[in-house]
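Now for the letters of each chain:
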Amino acid sequence: MKSVKFPDGESLHVGKILCLGRNYAEHIREMKAEVAPVPVVFIKPSTALVESGGSVVIPPISNDLHHEVELVVVIGRPGSGIPAEEAMAYVAGYAVGLDMTLRDVQADAKKRGLPWSVAKGFDTSAPLSAPVRREQVGDPHALTIDLRVNGSVRQSSNTGHMIMRIPGIIAYCSTVFSLEAGDLIFTGTPEGVGRVVPGDRIDAHIASVGSLTVGVR
Ligand code: MG
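Computed from a predicted model, the values in this text were never measured in an experiment.

What counts as what
- Residues numbered from 1 in each chain as written.
- Predicted model: local features only at pLDDT ≥ 70, side-chain atom pairs only at ≥ 80, totals over all residues.
- Heavy atoms only, no water.
- Phe/Tyr/Trp six-rings, centres within 6.5 Å; stacked < 30°, edge-to-face > 60°.
- Helix = DSSP H or I, 4+ residues; strand = E, 2+ residues; numbered from the N terminus.
- Buried < 20%, exposed > 50% of the residue type's maximum accessible area, 1.4 Å probe, protein only.
- Lys NZ or Arg CZ within 6 Å of the ring centre and 35° of its normal.
- Pairing = 2+ DSSP bridges.
- Salt bridge = Lys/Arg side-chain N within 4 Å of Asp/Glu carboxyl O.
- 1 Å grid on protein atoms, 1.4 Å probe; cavity = no way out; pocket = protein on both sides within 12 Å on 5 of 7 lines; lining within 4 Å.
- Points joined across faces, edges and corners; volume = space filled by probe spheres on them.

Chemist: Sorry if this is basic, but what is going on with the packing of aromatic side chains here?
Modeler: Centre distance and the angle of the planes are the two values used to describe a pair of aromatic rings. Evaluation of the coordinates by the stated rule reveals 1 aromatic pair. Aromatic side chains Phe 42 and Trp 116 sit 5.7 Å apart centroid to centroid with 55 degrees between the ring planes, which places their arrangement in the tilted category. Of this pair, Phe 42 sits in strand 4 (residues 40–44) while Trp 116 is found in the loop between helix 2 (103–112) and helix 3 (117–121), placing the two residues 74 residues apart along the sequence. Under the relative-accessibility criterion, Phe 42 is labelled buried at 10%. The lysine or arginine in question, Arg 133, covers the ring of Phe 6, its NZ or CZ lying 3.9 Å from the ring centre.

Spelled out as structure tokens, the structure:
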């Protein structure tokens, strides 16, 4: 899957997937990380996408796969240098996403000062629900967001706890990357991230946006 399809039938090709790190204070605390002076942005390739109902496959280089549930912004039209006041007009809709992370590989990269591309961008690292239109969601910064593993709640928060909000994220990202219709922006995860193992089932939900279910292999 390299496209996202809205319920009304419109399909957008996914060119790139931008992801915010450290965008919820409680998650920064649990990672024993520091609040970043500038936004932490990384990229996943579109080959990382998995539809709901699919599986996340742990690559042989890792023994510590973590879940991170995130509100995902679907960009609807191209732009660069977008002012924050105009940013919401570039949002086509939203989806539920999982920023699946090889925590052991990431920890090693952090220690060595190396990039996170492998830890964050491996095949199946970006499960994504079907998107919904922006107009159906109302305020995207007031949505309950939660994740269960085998039925047990692991993450439960609200998108109101985002540090950098969607207009600021789009404005910032568009100063560096030209945005295109179909680009996705993962807006960061709240606290409660943790390990999953083969055989686990992950259910993620964001109010007004939708649900996503994947298995782990
Ligand atoms: Mg994340």
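That was the structure; now back to the text.
Chemist: What's the story with the sheet that holds strand 7 (residues 65–67) in this structure? I'm lost.
Modeler: As a general point, the strands of a sheet are linked pairwise by backbone hydrogen bonds and lie either parallel or antiparallel. Strand order in the open sheet formed by 3 strands is 10-7-16, and the pairing between neighbours is antiparallel. With partners counted over all chains shown, the strands left at the sheet margins are strand 10 (101–102) and strand 16 (194–196), one partner each. Pairing between strand 7 and strand 10: 2 bridges, direction antiparallel. When the sheet's bridge partners are listed, Leu 65 is paired in strand 10 with Leu 102.

Chemist: How do you make sense of the pattern of salt bridges when you look at a structure like this?
Modeler: Two side chains of opposite charge can pair, provided their charged atoms sit close to one another. Per the counting criterion, the structure on display carries 14 salt bridges. Among the salt bridges present, the one from Asp 8 reaches Arg 133, with a minimum N-O distance of 2.9 Å. On the criterion of sequence distance, the pair formed by Asp 8 in the loop between strand 1 (3–5) and strand 2 (11–13) and Arg 133 in strand 12 (residues 132–133) is long-range, its members being 125 residues apart. Look at Asp 8 and you get exposed, because its relative accessible area is 54%. Residues Lys 16 and Asp 183 are paired through a salt bridge, measuring 2.6 Å at the closest nitrogen-oxygen approach. One end of the pair, Lys 16, is in the loop between strand 2 and strand 3 (17–21); the other, Asp 183, is in the loop between helix 4 (166–176) and strand 15 (184–186), with 167 residues separating them in the sequence. By the burial criterion, Lys 16 is buried, and Asp 183 matches it.

Chemist: Explain empty space enclosed by the protein here, please?
Modeler: Scanning the entire structure with this criterion turns up 1 cavity of 30 Å³ or more. A volume near 140 Å³ is recorded for the largest cavity. Along the walls of the largest cavity sit 19 residues, with Gly 21, Arg 22, His 27, Glu 68 and Trp 116 positioned nearest its centre. For the lining of the largest cavity, the secondary structure elements donating two or more residues are strand 3, helix 1 (25–30) and helix 2.

Chemist: Would you take a moment to explain the sheet that holds strand 17 (residues 201–206) for this structure?
Modeler: Strand order in this open sheet of 5 strands is 6-18-17-13-14, and the pairing throughout is mixed. A strand with exactly one partner marks an edge of an open sheet, and here the two such strands are strand 6 (55–56) and strand 14 (152–158). In terms of strand pairing, strand 13 (residues 144–149) meets strand 14 through 6 bridges, oriented antiparallel. Following the sheet pairing, Thr 144 is matched in strand 14 by Asn 158.

Geometric values such as these leave the question of function open.
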